[in-house]
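Descriptive structure summary
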Amino acid sequence: RTPLTRLHGSAEIARQTSEDVQSLRDALVDCMEETERVTTMLTTLMDISEAQAGSMKLKKTELDLAKMVRGLSEMYELVAEEKGIAVQLDLPASLEINADSVRLQQVIGNLLDNAIKYSPENSEVFLRLFQDESGEAVFSVQDQGIGIAKEDLSRIWDRLYRADKSRTQRGLGLGLSFVRAIVEAHDGSVWVESEPGKGSTFYARFPKNHGTDGKRSP
């Protein structure tokens, strides 16, 4: 309800200041921004629902996950540098999997963005990619941030859920739900290890073999 409340508030300000052209313009800009937030929220909710229902069409191709992680880390470097955060990489030269490139970029981007957002200044974020004993690809993002309380660990993947400590950061509360839905749509799995006050490590595992019919396996 929060973006709708802001949208209503901006419209009310415009109604009360109808003779102030600049105030009207500012109110319209606010309305447009909140409308975009609502649209993003609805689109993400629909994506999550489709992924969970197994009806999301995935455009799977052979891709180099190591190259993708490396490229996305470079994109987020500027944001990280503004907070004095160093992004450290531990990646193989290449690691190929069969997946939807666009959706996977969204997954990695979400996890990396969260790590930077909830990390303190002058800290480090570690991105790792490796193959486990069974040969499956495992991607992890480790931060040195606020961590997650034990009572919140099982709920952070729920839609629209935001732990108390995260409410100071603006967001929709859909990022981790989206991550889990997309990874599971690839027949993968996600989990987190966290210690309050010391940071969190998020993991995403992807099977080494996938079908290419574009839909989740039954």
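Above this text is the structure in question.
Quick look at the structure, then.

What counts, and at which threshold
Every chain begins its residue count from 1, and numbering advances along the sequence as written. Side-chain atom pairs in this predicted model are given and counted only at pLDDT of 80 or more, local residue features only at pLDDT of at least 70, and totals for whole chains, interfaces and linings cover all residues. In computing side-chain values, all of the structure's heavy atoms are included and hydrogens and water are not. Per-residue accessibility, obtained with a 1.4 Å probe over protein chains only, is compared with the maximum for each type, and a residue is labelled buried under 20%, exposed over 50%, and partly exposed between these values. In this text, helices come from DSSP runs of H or I with a minimum length of four residues, and strands from runs of E with a minimum of two, each type numbered from the N-terminal end. Strands pair, by our definition, only if DSSP identifies at least two bridges between them. An axis is simply a line fitted to the C-alpha atoms; with a helix, the fit covers only the stretch in contact. Between two such axes, the angle follows the N-to-C directions and lies from 0 to 180 degrees. Only heavy atoms matter for contacts: two residues are in contact if any of them lie within 4.5 Å across the pair. In protein, a polar contact requires one atom able to donate a hydrogen and another able to accept it; more generally it is a pair of N or O atoms within 3.5 Å, and residues adjacent in sequence count only if both atoms are side-chain atoms. Remark: nonpolar core denotes a set of buried residues (Ala, Val, Leu, Ile, Met, Phe, Trp, Tyr, Cys) joined through side-chain atoms within 4.5 Å. Salt bridges are identified by distance alone: a Lys or Arg side-chain nitrogen within 4 Å of an Asp or Glu carboxyl oxygen.

**Examining helix α6 (residues 175-185)**
Owing to its 3.6 residues per turn, the α-helix brings residues three or four apart onto one side. Burial analysis of α6 places eight of its 11 residues in the buried class, the great majority of the element. Within α6, burial applies to Leu176, Ser177, Phe178, Val179, Ala181, Ile182, Val183 and Ala185. One or two steps after α6, the chain reaches aspartate 187, where phi turns positive at roughly 65°.

**What to know about the sheet that holds strand β2 (residues 86-90)**
Reading across the sheet, the five strands line up as β2-β4-β5-β7-β6 and stay open at both edges, with mixed pairing between neighbours. The open sheet terminates on both sides in strands that have one partner only, identified here as β2 and β6 (189-195). Between one strand axis and the next, the sheet turns through 15° on average, direction left out of account. The pairing of strand β5 (residues 137-142) with strand β7 (residues 199-206) spans six bridges and is antiparallel. The residue bridging valine 138 from the neighbouring strand is arginine 205, located in β7. Lying over the sheet, helix α3 (residues 65-75) contacts β2, β4 (124-131), β5 and β7, oriented at roughly 170° with respect to β4.

**Quick notes on the environment of serine 194**
Tracing the sequence through the fold places serine 194 in strand β6. Separated by 44 residues in the primary sequence, serine 194 and lysine 150 place their C-alpha atoms 8.2 Å from one another. What serine 194 contacts, discounting residues up to four positions off in sequence, is Gly147, Ile148, Leu153, Gly199 and Ser200. Within the local environment of serine 194, its side chain forms a polar contact with the side chain of serine 200, the two groups lying 2.7 Å apart.

**Focus on the nonpolar core**
Leu65, Ile97, Leu104, Leu111, Phe139, Trp157 and Phe202 are the most contacted members of the largest nonpolar core, which has 42 residues in total. Per-element tally for this core: the top contributor is helix α5 (residues 101-117), with seven residues. Residue contacts for isoleucine 97: discarding those within four places in its chain leaves Thr61, Glu62, Leu63, Leu65, Leu104, Ala137 and Phe206.

**A word on the pattern of salt bridges**
Scanning all chains against the criterion turns up four salt bridges. Aspartate 113 is paired through a salt bridge with lysine 117; the nearest N and O atoms lie 3.8 Å apart. Here aspartate 113 and its partner lysine 117 are both found in helix α5, four residues apart, which amounts to about one turn of the helix. Taking the relative accessible area as the measure of exposure, lysine 117 reaches 24% and is therefore partly exposed. The partner of glutamate 195 in a salt bridge is lysine 198, and the shortest N-O contact between them spans 3.6 Å. Linked through salt bridges whose partners overlap, the residues forming this network are Asp132, Glu136 and Arg205.

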